[in-house]
Amino acid sequence: MVKHSSVAEAYSILGLQEGATLEEVKSAYRQHALRTHPDKNPNNADATAQFQAVGDAYTVLQRHLNPPTGPRRMYHHGMDDDDDDEYDDYEDYEDDLYNSENEADRTAFFMFLFSQFLNGGRMRFKRPDPHRNYRRRSLSPETPEQYRARIERNRAEQVEAEKRRAEKAAERKAFEARQREKERKEAAERQQAKVASKKAESVAARKRAAETAEAQQRRVQTIRSEAFSAARKGDAVKVRKAVWEENVDAAGGEIKLGCETYVKRPPEDPKETLLHIAAQQGDVDLVEWLDAHSADPEERNAAGLSAFHLALQQGCIPIINHFFQSYDPKQDDDHSAIYSLSPPASLLSLALESGKPEVVWLILEKGLASTQDIGNAWTQVTSGQTNQPLFKKLPRDSDKFSEIQNLLMTFGGFTPPPTPKVSSPKDTRHDSPSPLSPFARDGSAKSRQQTRAKKPSVDQTRPNTQAKLPHTGSPPGSSEPGKIHSRGPGGGRGQGRGRGRGRGRGRGN
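As the structure is a computational prediction, the values presented were derived from the model and not from experiment.

Cut-off values and rules
- Residues numbered from 1 in each chain as written.
- Predicted model: local features only at pLDDT ≥ 70, side-chain atom pairs only at ≥ 80, totals over all residues.
- Heavy atoms only, no water.
- Helix = DSSP H or I, 4+ residues; strand = E, 2+ residues; numbered from the N terminus.
- Buried < 20%, exposed > 50% of the residue type's maximum accessible area, 1.4 Å probe, protein only.
- Areas by Shrake-Rupley, 256 points an atom, 1.4 Å probe, with all protein chains shown as cover.
- Phe/Tyr/Trp six-rings, centres within 6.5 Å; stacked < 30°, edge-to-face > 60°.
- Contact = heavy atoms within 4.5 Å.
- Axes fitted to C-alpha atoms, helices over the stretch in contact; angles between N-to-C directions.
- Parallel < 35°, antiparallel > 145°, perpendicular 65-115°, else oblique.
- Left-handed = near helix turned anticlockwise from the far one by under 90°.
- Lys, Arg positive; Asp, Glu negative; His and termini not counted.
- Salt bridge = Lys/Arg side-chain N within 4 Å of Asp/Glu carboxyl O.
- Polar contact = N/O pair within 3.5 Å; in protein donor to acceptor, adjacent residues only side chain to side chain.
- Core = buried A, V, L, I, M, F, W, Y, C linked by side-chain atoms within 4.5 Å.
- Arc of directions from axis to C-beta.
- pLDDT = per-residue confidence, 0-100.
- Nonpolar A, V, L, I, M, F, W, Y, C, P; charged D, E, K, R; others polar.

1. Digging into the overall build of the chain
Moving on, step 1. Along its length, the chain carries 21 helices and zero strands.
Moving on, step 2. For the chain, buried positions account for 34% of its 509 residues.
Moving on, step 3. Working note: accessible area of the chain is about 31900 Å², and carbon and sulfur atoms make up 50% of it.

2. Examining the packing of aromatic side chains
Moving on, step 1. Evaluation of the coordinates by the stated rule reveals eight aromatic pairs.
Moving on, step 2. With 5.0 Å between their ring centres and 80° between their planes, F51 and F110 make a pair best called edge-to-face. Residue F51 is located in helix α3 (residues 47–65), and its partner F110 is located in helix α5 (residues 103–118); the two are separated by 59 residues in the primary sequence.
Moving on, step 3. Aromatic ring contacts, followed pair by pair, group F308, F323, F324, Y327 and Y339 into a single cluster.

3. Overview of the environment of A227
Moving on, step 1. Topologically, A227 is positioned in helix α7 (residues 144–233).
Moving on, step 2. The class for A227 is buried, based on a relative accessible area of 1%.
Moving on, step 3. Along the primary structure A227 and E254 are separated by 27 residues, whereas in three dimensions their C-alpha atoms are 8.8 Å apart.
Moving on, step 4. The contacts of A227, once residues within four sequence positions are left out, are V239, A242 and L274.

4. Let's talk about the packing of helix α14 (residues 347–354) against helix α15 (residues 357–365)
Moving on, step 1. Axis separation between α14 and α15 bottoms out at 8 Å; the angle between their running directions is 165°. Relative to α15, α14 is oriented roughly antiparallel. Our pair here, α14 against α15, has a crossing hand that is left-handed. Listed contacts from α15 to L347, L348, A351, L352 and S354 of α14 are V359, V360, I363 and L364.

5. Let's talk about the side chain of D291
Moving on, step 1. Its location among the elements puts D291 in helix α10 (residues 284–291).
Moving on, step 2. Buried within the structure, D291 lacks any salt-bridge partner; its nearest side chain of opposite charge belongs to R240, at an N-O separation of 13 Å.
Moving on, step 3. Polar contacts involving the side chain of D291 include one to the side chain of Y327, which spans 2.5 Å.
Moving on, step 4. Among residues more than four places away in sequence, those in contact with D291 are L275, P297, H322, S326 and Y327.

6. Side note on the nonpolar core
Moving on, step 1. If you look at the biggest cluster of nonpolar residues, it comprises 57 residues, and the most contacted ones within it are L290, F308, L312, F323, L348, I363 and L408.
Moving on, step 2. By residue number, the principal contributor to this core is α15, which donates six residues.
Moving on, step 3. In this view, L312 contacts I320, L347, L350, A351, S354, V359 and I363; residues no more than four positions away in its chain are not counted.
Moving on, step 4. Core analysis: the second largest hydrophobic core is formed by 19 residues, V54, A57, V60 and F109 among them.

7. Considerations on α14
Moving on, step 1. By the criterion of burial, α14 is predominantly enclosed, with six of the eight residues buried.
Moving on, step 2. Among the residues of α14, those classed as buried are L347, L348, L350, A351, L352 and S354.
Moving on, step 3. Just beyond α14, the residue with positive phi is G355, at close to 75°.

8. Some details on the side chain of E254
Moving on, step 1. Structurally, E254 can be placed in the loop between α8 (236–244) and α9 (274–281).
Moving on, step 2. When sequence neighbours within four positions are dropped, the list of residues in contact with E254 reads Q221, R224, S225, F228, R232, P267, P270 and E272.

9. A short note on α8
Quick reminder: α-helices carry 3.6 residues per turn. Residues three or four places apart thus point the same way.
Moving on, step 1. Those residues of α8 not exposed but buried are A236, V239, A242 and V243. Projection of α8 onto a plane perpendicular to its axis shows the buried side chains occupying an angular sector of 125°, all on one side. Turned more than 90 degrees away from the buried face of α8 sit V237 and W244, all of them exposed.
Moving on, step 2. In this fold, the buried residues of α8 make contact with α7, α9 and α10.

10. Topic: the pattern of salt bridges
Moving on, step 1. For the structure on display, the rule yields eight salt bridges.
Moving on, step 2. For the salt bridge of E145 with R148, the shortest nitrogen-to-oxygen distance reads 3.8 Å. Of the two residues, E145 and R148 are both situated in helix α7; the distance of three residues between them amounts to about one turn of the helix.
Moving on, step 3. The class of R148 is partly exposed, set by a relative accessible area of 46%.
Moving on, step 4. A salt bridge links E214 to R218, with the nearest nitrogen and oxygen atoms 3.5 Å apart. Here E214 pairs with R218, and both are found in helix α7, just four residues apart, close to one helical turn.

11. Section: the confidence of the model for the chain
Moving on, step 1. Counting all residues, the mean pLDDT for the chain is 75, and 67% of those residues have values of 70 or more.
Moving on, step 2. For residues 74–100, every residue scores under 50 in pLDDT, and the model assigns this stretch 40 contacts once sequence neighbours within four places are set aside.
Moving on, step 3. Low pLDDT, under 50, characterises residues 420–472; the predicted model gives this stretch 69 contacts beyond four residues in sequence or across chains.

12. Side note on unusual backbone geometry
Moving on, step 1. Following P343, the chain continues to P344 via a peptide bond in cis, the omega torsion being 5°.
Moving on, step 2. Note on placement: P344 falls in the loop between α13 (332–339) and α14.
Moving on, step 3. Phi at N247 takes a positive value of approximately 60°, unusual for a residue other than glycine.
Moving on, step 4. Mapped onto the secondary structure, N247 falls in the loop between α8 and α9.

13. Some details on the packing of helix α11 (residues 307–314) against helix α12 (residues 317–326)
The angle between the axes and the distance between the axes are what describe a pair of packed helices.
Moving on, step 1. As a packed pair, α11 and α12 sit with axes 8 Å apart at the nearest point and diverge in direction by 145°. Here α11 and α12 pass one another in a crossing that is left-handed. From α11, A307, F308, A311 and L312 reach across to α12, where they touch I319, I320, F323 and F324.
Moving on, step 2. Grouping the constituent residues of the contact of α11 with α12 by class yields eight nonpolar, no polar and no charged.

In structure tokens:
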């Protein structure tokens, strides 16, 4: 049995403060009725009691805020309808209603109250019949058919309610599944966006790194090309600055690997190094400095020549001596790559191209010319072919040419060749091979014996005859290394003629 609520309790149940208006009461009642309705709370056993308490509180406040108007009616017992008796009778009525075994009737009652409230109607209660309970109790009992029908109806309603709850549960599960699928898709999209963002950042980072590397390669190649250009112009200070401050590698050619596109004017010889350029220009200080700063003396240019070969070809004796002192040519295993040449080229042939007797003497003195190299050089000197590199720098009648010839005779043991005569057209002596080399055309040594058979006259041998120089360890005709003094016409020819002929006769025998 639910007791009638007082006005203060009614306000508390609806969550209002005393003095609230009727509209506020209606709004609060609507919210509490929707929240505590039994259909909304099927798993709550106290939902019905809560919903009843909300309705009771609303009734009390409605009577309190909107009392009935009009004349007060008096009844047979002398009391009006506002007396407490009316509440007692109403209480009995409610007890009878709420204690009913039929849950459907109870639900219909509350739905009626709720519909009346939503429709804006006012709930009016009439004084109940005092004999109502008696008459209800005096009704005839249910027949078995009515009882079974009521039970079946209640069971059908329960089944229907269970079905509705199952449908709502299925809808709720489907909704939750859709929400989870939606969240999964959103998470997948966020992950894809994150991966795409990282990929884009990685691509951008690689692009920036490639651009940075390209700019660095361009800068390095530009500085290297400027250093090679300065070396070709003879600016040794700029070359040293580039190697020392700009970290330009002294080894290797002008174009670095992978930097071909950054070179505006490709060099004529891509294998030419800074050491090659310095040696070709005869800058001994720069050669020594580069050699001390990671330059590789074994590197070859496109012609297969090292820096030493170029210095030998140019006749730069200080650079040649630097290589001899730094890299002993007698250590074939360690320094052979600096001095070796592919046949038929030889160090002696390069020394002949320099046109300097001192250079030829250095090669012969160091023992860097084989017997075959000396024989080839003698053939070149005595052949008379003007297209030889030696004759382009030295005429045959020059003192240096004579000194080179004497050196070859000294170290090769050759006899000075006779001066050819100008013969008449009928003279057939020139049809046979002339003794211009120590070897015959077929490679034999019989030409030397044929040469010894005829003694050249003094007049014939005088122009090209030089004295055989002893192996004294110094360049010919010079008391100081690197210098050759010119000889007087009388003394030079006389000394060369006497010693040359005596050595020739002795060997002929």
